[in-house]
Amino acid sequence: MPAIFTYNKKEKLKSKKLLDELFTQGNSFVVFPIKIFFKVVENKLPDTTIQVGVGVSKKYFKHATKRNRIKRLLRETYRQNKLSLHELLNNNNKQLTVFFLYIDKELISYQTLENKMKIAIEKLIKQLS
RNA sequence: CUACAAACCCGAACUAUCGUGCUGUGGCAAACAGUAAGGAAAGUCUGGACAACACAGAGCAAUUCACCAGUGAAUAGCUGGUUAUGUUUUAAACAUAAAGAAAGUGCCACAGAAAAUAACUACCUGCUUUUGCAGGCAAAGGUGAAAAUGUAAGGUAAGAGCUUACAAUAAGGUGUAGUAAUAUACUUUAUGGGUAAACCUUGAAUGUUGCAAUGCCACGUAUAGAAACGUUUGAGAACUGCUCGUUCAAGUUUCAGGGUAGGCAGCAAAUGAUUGUAACAGUAAUGUUGCAACAAGAUAAAUGAUAGUAAAAAAACAGAAUCCGGCUUACGAGGUUUGUAGUUAC
RNA sequence: GGUCCUGUGGCCGAGUGGCUAGGCAGAGCUCUGCAAAAGCUUCCACACCAGUUCGAAUCUGGUCGGGACCU
């Protein structure tokens, strides 16, 4: 029985090439305070159907602790709500790269961020299908 | 008891569920077990470890430090002591980048006669005759941050450390105390401002560059282009920054363009300037010995979410990136000590 | 991660320890029938905190910004 709510090394978006492609060629939309970049790729991801990255601007949060806090919340909310996205990709046999960028200047609570993340993932599914 | 200030201590517990990095066990798949951020991880101000290069020589430059002793791997640290100054305040405490201004050079605005071989007014002598000229002198003169050590007497034409007495400061000598800085007594000499966080002098020290160092593996590209200089008439390179000197030397430099942007070691610890603890030595910093323990290691970069546990809360400053010592800066709640103020009781 | 540089009005930019130049911009006036140009006047500054000094934009230390280089 494989774990469902995971977010391990394989699922992280690390390759600089894929990131460059995502930001230059990919599509994007905003569910405030999250900006979502996504791009459908073909046969470039080993052993997984999706790779996800998170980020915060150093401009808005100067201290590393606060940036870490935001990134952890983003990872956690994605982890808790990613199930429907995975099902869609497995059914259609697609591969996807996504990047969640936090664009607010204030810290956020877990509950509100989770709600936003649910909306964002629904919207992403809609755009894909 | 309350409030404020300072110093020190401490600085995010435990359980369950879902997840993350690393390590181990696992047909190396699932899974399980272990472990996982600070006192400042910060600033990069400092001292090292470690690594690469260099290590025939000479000179110059540059940088750092500066009372004494101790401590330590160590050169801005720490501990104890000494002197001076300042602040609070009258008796101690606290703070201070504490060699040299009698080696030399520079600077000292404005004001003031004069800011450093002092001479405008004044005073005295001589000449002249009103005016002034020559010489002497440095007591008095409103300034200034700073004015040639102060007081008294003698002395003189007038005066003057010119002489004497007392006092102050500085330097030397001798004795005493102390490891020493220094203190103190006696004695001799001097009384030529301040500034070295101005140049500088003296003493001590420093090879350069930093893990983006460095070694190895894999993959890929253009046996491609242009310009300049050059092959004994020596471009250029090494010997640290410069010069001399020495050695090597046939390619070197710049521009435009192309490719890659992966991995392993360094690097994460059972032998280390390690951590904890106890005893001993020392005023202390610190050291010695015994016992116990091995404790993050990522690379778009790991610690989170939810619920519960004591009345409640889990907060401030803040996130390791080769590793240690120190300094500096930021900081909540609580505790301890000291001080100040107020209130209550005796 | 490491090595360095820098901070002067709204903007640019001089400044041997002794009153912070100058230009552009802004405001007012003159000139003009009205504007522009020109002229005159005016306004607004040494990043912050300590120390050295009689006196600090300048010298020294610390703090906070901004920037450059090394792969």
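Everything that follows concerns the structure shown earlier in this document.
A brief structural summary. What you see is a predicted model; the values in this text were computed from it and never measured.

This part is about the pattern of salt bridges. Side chains that carry opposite charge are capable of pairing whenever their charged atoms lie near each other. Going through the model one piece at a time under the given rule, you end up with 1 salt bridge. The salt bridge partner of Glu76 is Arg79, with a shortest N-O separation of 2.7 Å. Of this pair, Glu76 and Arg79 both sit in helix H2 (residues 64-81), 3 residues apart, which is roughly one turn of the helix. Accessibility expressed as a relative area gives 27% for Glu76, which makes it partly exposed. Judged by relative accessible area, Arg79 falls into the partly exposed class, the value being 22%.

Looking now at the sheet that holds strand E4 (residues 95-102). Taken together, the 4 strands give an open sheet; going across it, the order is E1-E2-E4-E3, and neighbouring strands pair in mixed fashion. At either margin of the open sheet sits one strand with a lone partner, and together these are strand E1 (27-31) and strand E3 (50-56). Ignoring strand direction, the axes of neighbouring strands in this sheet form an average angle of 20°. In this sheet, strand E2 (residues 34-41) lies alongside E1 in antiparallel orientation, the contact comprising 5 bridges. Across the sheet, the residue bridging to Phe29 is Ile36, located in E2. Taken strand by strand, helix H1 (residues 16-25) contacts E1, E2, E3 and E4, and its axis lies near 110° from that of E2. Sitting on the sheet, H2 touches E2, E3 and E4, and the angle it makes with E3 is about 150°.

Parameters and conventions
Residues numbered from 1 in each chain as written. Chains lettered and ligands numbered in written order. Predicted model: local features only at pLDDT ≥ 70, side-chain atom pairs only at ≥ 80, totals over all residues. Heavy atoms only, no water. Salt bridge = Lys/Arg side-chain N within 4 Å of Asp/Glu carboxyl O. Helix = DSSP H or I, 4+ residues; strand = E, 2+ residues; numbered from the N terminus. Buried < 20%, exposed > 50% of the residue type's maximum accessible area, 1.4 Å probe, protein only. Pairing = 2+ DSSP bridges. Axes fitted to C-alpha atoms, helices over the stretch in contact; angles between N-to-C directions. Contact = heavy atoms within 4.5 Å.

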